[in-house]
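The residues making up each chain are set out below.
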Amino acid sequence: DTGVSQNPRHKITKRGQNVTFRCDPISEHNRLYWYRQTLGQGPEFLTYFQNEAQLEKSRLLSDRFSAERPKGSFSTLEIQRTEQGDSAMYLCASSPVGSGTEAFFGQGTRLTVV
Amino acid sequence: SQQGEEDPQALSIQEGENATMNCSYKTSINNLQWYRQNSGRGLVHLILIRSNEREKHSGRLRVTLDTSKKSSSLLITASRAADTASYFCATDGTSGSRLTFGEGTQLTVNP
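Reference entry: report on the structure contained in this document. Since the model is a prediction, treat every value here as computed from it, not as a measurement.

### Quick word on the overall build of chain A
Moving on, step 1. When helices and strands are tallied, chain A shows zero helices and 11 strands.
Moving on, step 2. In terms of its C-alpha atoms, chain A occupies a principal-axis envelope of roughly 40 × 25 × 25 Å.
Moving on, step 3. In chain A, the share of contacts with a sequence separation of at least 24, taken over all contacts with a separation of at least 6, comes to 52%.
Moving on, step 4. Summed over all atoms, the accessible surface of chain A reaches about 5700 Å², with 44% contributed by carbon and sulfur.
Moving on, step 5. Of the side-chain charges in chain A, 14 are positive and 12 negative, and the distance between the mean point of each set is 6 Å.

### Overview of the environment of Lys26 of chain B
Moving on, step 1. Within the fold, Lys26 of chain B resides in the loop between strand 3 (19–24) and strand 4 (29–37).
Moving on, step 2. Between the C-alpha atoms of Lys26 of chain B and Asp66 of chain B, which are 40 residues apart in sequence, the distance is 12 Å.

### Here we look at the nonpolar core
Moving on, step 1. Counting residues in hydrophobic clusters, the biggest one holds 20 residues, and the most contacted among them are Met21, Leu32, Trp34, Leu74, Ile76, Tyr87 and Leu107 of chain B.
Moving on, step 2. Elements with a minimum of two residues in this core: strand 3, strand 4, strand 5 (43–50), strand 7 (61–66), strand 8 (71–76), strand 9 (85–93) and strand 11 (105–110) of chain B.
Moving on, step 3. Excluding residues that lie within four positions of it along the chain, Leu107 of chain B makes contacts with Leu11, Ile13, Ala19, Met21, Ile76, Asp83, Thr84, Ala85 and Tyr87 of chain B.
Moving on, step 4. Cys23, Leu32, Ala67 and Leu77 of chain A belong to the second largest nonpolar core, which has 19 residues in total.

How each quantity is defined
- Residues numbered from 1 in each chain as written.
- Chains lettered and ligands numbered in written order.
- Predicted model: local features only at pLDDT ≥ 70, side-chain atom pairs only at ≥ 80, totals over all residues.
- Heavy atoms only, no water.
- Helix = DSSP H or I, 4+ residues; strand = E, 2+ residues; numbered from the N terminus.
- Contact = heavy atoms within 4.5 Å.
- Areas by Shrake-Rupley, 256 points an atom, 1.4 Å probe, with all protein chains shown as cover.
- Lys, Arg positive; Asp, Glu negative; His and termini not counted.
- Charge placed at Lys NZ, Arg CZ, Asp CG, Glu CD.
- Core = buried A, V, L, I, M, F, W, Y, C linked by side-chain atoms within 4.5 Å.
- Buried < 20%, exposed > 50% of the residue type's maximum accessible area, 1.4 Å probe, protein only.

Written as structure tokens, this is what we have:
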């Protein structure tokens, strides 16, 4: 499978716990994006990397959220001290460098904070 | 509110009919893209139209772009039950990095 892979697919956690999600992009893609999507809404941009550099972060990304892409390959998104409002689908996408290119999305990680 | 806004929010049609969805946006763009999402799944890219293009076709899909009105439409002809999904427009701003999505149109095609 050469698509974007996200793990886990589902995560249920108690409020206050930390969670970490992983995204493996398409191997030749330099850009990697994280989006958050709540029910009935479109995806909202969180952050993006070009290779290992985190070039842009949304104001949605509070200090409880951190993303890394240490070797310019896979990426992790960590949420510390989870809150019920963090419940959402977290989507990862990758694309080659350059504007006007489509983004390839993974299947997402659905987070439920109880 | 988000950059893109789709209209209508929900659309229900019979198999074989055409479905038209509209998208409006607010700022200058490089490109506009349409994506499809089946329930609980990731997004799948359908078609991209550049800011200097007015119309584009791909199979049963036809996309138009009017940059003077900051709007786009997606037409799906001869719809099938398998077309049932949410459809989102996304704009690629002049910075060329993030995609900004609308809230989507939920299309239901009844067999």
